[in-house]
Amino acid sequence: DVSRPALLWVLRDFDQRDAGSMDAVEYLEQALHAANAGCAEVRQSLLRFFNHRTCATLVQPVFEDTQLKTLLEIPYRSLRSEFRSAVEAMHAQLLAT
């Protein structure tokens, strides 16, 4: 249904090892369909309301956990290149939709 909005779920500090061989969209769908996960009512609402769902994953923006406390003070160009690439890809995806 084109009248419904699309859902873009963004996971920051994502570690691919948590998803195994799944891609980001498969990881999202598994999380939404998980029978043993909490918040079943919220998950079911997301499944019903959003026909088109996608997921973007972002690695931790800095290497050192201590830097997370001052993240807003760190220049964008100093963030991890993997993080910046993923943010820029997500930005392009949002502009294209």
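Predicted, not measured: the structure shown is a model, and the values here were computed from it.

## Considering the overall build of the chain
- Looking only at helices and strands, the chain has four helices and two strands in total.
- When the helices and strands of the chain are listed from N to C terminus, the series reads β-α-α-α-β-α.
- At a minimum sequence separation of 6, the contacts of the chain that also span at least 24 residues come to 57%.
- Summed over all atoms, the accessible surface of the chain reaches about 7,000 Å², with 55% contributed by carbon and sulfur.
- The averaged location of the 13 negative side-chain charges in the chain is 3 Å from the averaged location of its 10 positive side-chain charges.

## Notes on the confidence of the model for the chain
- Model confidence for the chain is summarised by a mean pLDDT of 88, while 97% of its residues fall at 70 or above.
- Mean pLDDT values over the elements of the chain span from 74, in helix H1 (residues 16–19), up to 92, in helix H4 (residues 81–96).

## Regarding the environment of Arg43
- Turning to its location among the elements, Arg43 is positioned in helix H3 (residues 40–49).
- Classification of Arg43 as buried rests on a relative accessible area of 9%.
- C-alpha separation for the pair Arg43 and His33, spaced ten residues apart in sequence, amounts to 7.5 Å.

## A word on the environment of Arg48
- You can see Arg48 is positioned in helix H3.
- Residues Arg48 and Leu68, 20 residues apart in the sequence, show an inter-C-alpha distance of 35 Å.

## Here's the deal with the packing of aromatic side chains
- Here the structure, examined in full by the defined rule, presents one aromatic pair.
- Taking 4.9 Å as the distance between ring centres and 90° as the angle between the ring planes, the aromatic pair formed by Phe49 and Phe50 counts as edge-to-face.

## Examining the pattern of salt bridges
- Applying the stated criterion across every chain yields a total of two salt bridges.
- Here Arg53 ties to Glu29 by a salt bridge, and the two come within 2.8 Å at their closest N and O atoms. One end of the pair, Arg53, is in strand S2 (residues 53–58); the other, Glu29, is in helix H2 (residues 24–33), and 24 residues separate them in sequence.
- The partner of Glu82 in a salt bridge is Arg80, with the nearest N and O atoms 3.5 Å apart.
- Glu82 sits in the partly exposed class, given a relative accessible area of 40%.
- Judged by its relative accessible area of 18%, Arg80 is buried.

Cut-offs used in this document
Residues numbered from 1 in each chain as written. Predicted model: local features only at pLDDT ≥ 70, side-chain atom pairs only at ≥ 80, totals over all residues. Heavy atoms only, no water. Helix = DSSP H or I, 4+ residues; strand = E, 2+ residues; numbered from the N terminus. Contact = heavy atoms within 4.5 Å. Areas by Shrake-Rupley, 256 points an atom, 1.4 Å probe, with all protein chains shown as cover. Lys, Arg positive; Asp, Glu negative; His and termini not counted. Charge placed at Lys NZ, Arg CZ, Asp CG, Glu CD. pLDDT = per-residue confidence, 0-100. Buried < 20%, exposed > 50% of the residue type's maximum accessible area, 1.4 Å probe, protein only. Phe/Tyr/Trp six-rings, centres within 6.5 Å; stacked < 30°, edge-to-face > 60°. Salt bridge = Lys/Arg side-chain N within 4 Å of Asp/Glu carboxyl O.

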